[in-house]
Amino acid sequence: MSEASQELVLERLMPWQEKIVSLMQNGRTLFLWVGNALELLGAYIQREDGSRVAGLGVFFSMYSVRQSPQRFNNLIRADFKGTKLIGYTSRFSHTYGLSKEYALCQTEIGASLEKLPYEDAMRQAYAYKMKEMDNPDLKLF
């Protein structure tokens, strides 16, 4: 979600803060927080200007720091109970202080990238496809 959406979601979840914390701590309710939704669970999210927005406080030792407009792009390989996962992340923030015991998987390899691999070729293919879609004779099925 965007950073603005993230703050709106936090605002809407705050009335349910105690219930969410209770459900997560009882060990009988499963929540799957992916992407930057995980940042909502920390003590706070620090904005680019240094101000902070309060998180849900599920993990008091965890906090996130936004560094927009610098985007962090990573290719990763992780292990989930013996199954290898591969993925890609692109985000404006880093999260600190989360214990490994709460992670869905354990990262084995994470390569920080200055630029997406094949980005120029992907952008050219995108531009070509967009031009192709402007063709009035194009029929989509």
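Once a new chain begins, its residue numbering starts again from 1 and follows that chain's sequence as written. Only residues with pLDDT of 70 or above have their local features reported here, since the model is predicted, and side-chain atom pairs are shown and tallied only from 80 upward, although totals for entire chains, interfaces and linings are computed over all residues. Just so you know, side-chain values use all the structure's heavy atoms and leave hydrogens and water out.

So, on to the pairing of strand β5 (residues 83-91). The pairing of strand β4 (residues 72-80) with β5 spans nine bridges and is antiparallel. Paired with Asn 74 across the strands is Thr 89, a residue of β5. When DSSP finds two or more bridges between two strands, those strands count as paired. Comment: elements are numbered from the N terminus, with helices defined as DSSP H or I runs of at least four residues and strands as E runs of at least two. In sequence, β4 turns back onto β5 through a hairpin of two residues, with Lys 81 there showing a positive phi of about 50°.

Position of Glu 39 among the secondary structure elements: in the loop between α2 (17-25) and β1 (42-46). Buried within the structure, Glu 39 lacks any salt-bridge partner; Arg 66 is the closest side chain of opposite charge, at an N-O distance of 5.0 Å. N or O atoms within 3.5 Å of each other form a polar contact, as long as, within protein, one can give a hydrogen and the other can take it, and as long as residues adjacent in sequence are counted only when both atoms are side-chain atoms. Polar side-chain contacts of Glu 39 include one of 2.3 Å to the side chain of Ser 93. It only takes one pair of heavy atoms within 4.5 Å for two residues to be counted as in contact. Those residues in contact with Glu 39 that lie beyond four places of it in its chain are Gln 6, Ile 45, Met 62, Ser 64, Ser 93 and Thr 95. Partly exposed residues are those whose accessible area sits between 20% and 50% of the maximum for their type, while under 20% is buried and over 50% is exposed, using a 1.4 Å probe and protein chains only. Counted as positive: Lys and Arg. Counted as negative: Asp and Glu. His and the chain ends are not counted at all. Here, a salt bridge means any Lys or Arg side-chain nitrogen found within 4 Å of an Asp or Glu carboxyl oxygen.

A few words now on the pattern of salt bridges. Summed over the entire model, instances satisfying the criterion amount to four salt bridges. The salt bridge involving Asp 79 is made with Lys 84; its shortest N-O contact spans 3.7 Å. Owing to a relative accessible area of 23%, Asp 79 belongs among the partly exposed residues under this scheme. Salt bridges sharing partners connect three or more residues here, namely Glu 7, Arg 47 and Arg 66.

Turning our eyes to something else, we now look at the packing of aromatic side chains. Pairing of aromatic rings covers Phe, Tyr and Trp, the last through its six-membered ring, and needs centres within 6.5 Å; plane angles under 30 degrees mean stacked, over 60 mean edge-to-face, and all others mean tilted. Throughout the structure, instances matching the rule amount to three aromatic pairs. For the pair Phe 31 and Trp 33, a centre-to-centre distance of 5.8 Å together with 20° between the ring planes defines the contact as stacked. Members of the aromatic cluster, joined through ring pairs, are Tyr 44, Tyr 63 and Tyr 96.

Inspection of the secondary structure puts Asn 73 in strand β4. Sequence-wise, Asn 73 and Ala 111 are 38 residues apart; in three dimensions their C-alpha atoms are separated by 8.3 Å. Here Tyr 88 takes part through its side chain, which lies 2.9 Å from a polar atom of the side chain of Asn 73.

Only buried residues count toward a nonpolar core. Its members are Ala, Val, Leu, Ile, Met, Phe, Trp, Tyr and Cys residues joined through side-chain atoms within 4.5 Å. Listed in full, the 11 residues of the largest apolar core are Leu 10, Ile 20, Val 21, Leu 40, Leu 41, Ile 45, Val 53, Leu 56, Val 58, Phe 59 and Met 62. Those elements that provide at least two residues to this core are α2 and β3 (59-66). If sequence neighbours within four positions are ignored, Val 53 has contacts with Glu 7, Leu 10, Tyr 44, Ile 45 and Arg 47.

With that out of the way, let us pick up unusual backbone geometry. Across the junction of Ser 68 and Pro 69, the peptide omega takes the value 10°, indicating a cis bond. Counting through the fold element by element, Pro 69 comes out in the loop between β3 and β4. For Lys 81, which is not glycine, the phi torsion reads 50° and is therefore positive. Along the chain, Lys 81 falls in the loop between β4 and β5.

Attention now moves to the sheet that holds β1. The pairing of strands in a sheet comes from backbone hydrogen bonds and takes either a parallel or an antiparallel form. Spatially, β2-β1-β3-β6 is the arrangement adopted by the four strands of the open sheet, whose pairing is mixed. The sheet terminates laterally at β2 (52-54) and β6 (93-96), the two strands that pair on one side only. Recorded for the sheet is a direction-independent mean angle of 20° between the axes of neighbouring strands. Two strands pair when backbone bridges link them, and β1 and β2 are joined in this way by three bridges, in the antiparallel orientation. Across the sheet, the residue bridging to Tyr 44 is Ala 54, located in β2. Convention adopted: a line fitted to C-alpha atoms gives each axis, helices being fitted over their contacting stretch, and angles between N-to-C directions are expressed from 0 to 180 degrees.

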